[in-house]
Amino acid sequence: MTEGVYPAMAPIIVLGVNAADPPFRIVEIKGEVVGKAFDLRDVLEFARRAGLEDLDLDDPKMVTWVGGDRYTWHA
């Protein structure tokens, strides 16, 4: 968890790319790790499951992209 590491961050935090095969990014929602995202659709699905629908992925109040942006999926 990154709770406390990134004070006053958005409820969704998408961490940097892990150079696995295939590459992925860890997603946290409200301080809890919810899973590995392999693409943008996974982030949207995790948000939907958490009740955060109609999500604006460009709104820094909603999503913090660490180590890249919403288009960064390869190391």
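Residue indices follow the written sequence of each chain, beginning from 1 at its first position. Reporting in this predicted model follows two pLDDT cut-offs: at least 70 for local features of residues, and 80 or more for side-chain atom pairs to be given and counted; totals over whole chains, interfaces and linings ignore these cut-offs and use all residues. To obtain the side-chain values, all non-hydrogen atoms of the structure were included, while hydrogens and water were left out.

**Q** Looking at this structure, how should I read the overall build of the chain?
**A** The secondary structure listing takes helices from DSSP runs of H or I that are at least 4 residues long and strands from runs of E that are at least 2 residues long, numbered from the N terminus. A tally of helices and strands in the chain yields 1 helix and 4 strands. Counted from the first residue to the last, the chain has its helices and strands arranged as β-β-β-α-β. Whether a residue is buried, partly exposed or exposed follows from its accessible area with a 1.4 Å probe, protein chains only, as a fraction of its type maximum: under 20%, in between, or over 50%, in that order. Classification of the 75 residues of the chain by burial places 36% in the buried group. Taking contacts inside the chain between residues at least 6 apart in sequence as the whole, the part at least 24 apart equals 43%. Calculation of accessible area relied on Shrake-Rupley with a 1.4 Å probe; when residues are assessed, cover is drawn exclusively from the protein chains displayed. Carbon and sulfur atoms make up 52% of the accessible area of the chain, which amounts to about 4,700 Å² in all. Throughout, a contact is declared for two residues whenever any of their heavy atoms are within 4.5 Å.

**Q** Is there a simple way to think about the environment of Leu-55 in this case?
**A** Tracing the chain through its elements places Leu-55 in the loop between helix H1 (40-49) and strand S4 (63-65). On the basis of relative accessible area, Leu-55 is assigned to the buried category, the value being 15%. Sequence separation of Leu-55 and Leu-44 is 11 residues, and the distance between their C-alpha atoms is 7.6 Å. Those residues in contact with Leu-55 that lie beyond four places of it in its chain are Ile-12, Leu-44, Ala-47, Met-62 and Val-63.

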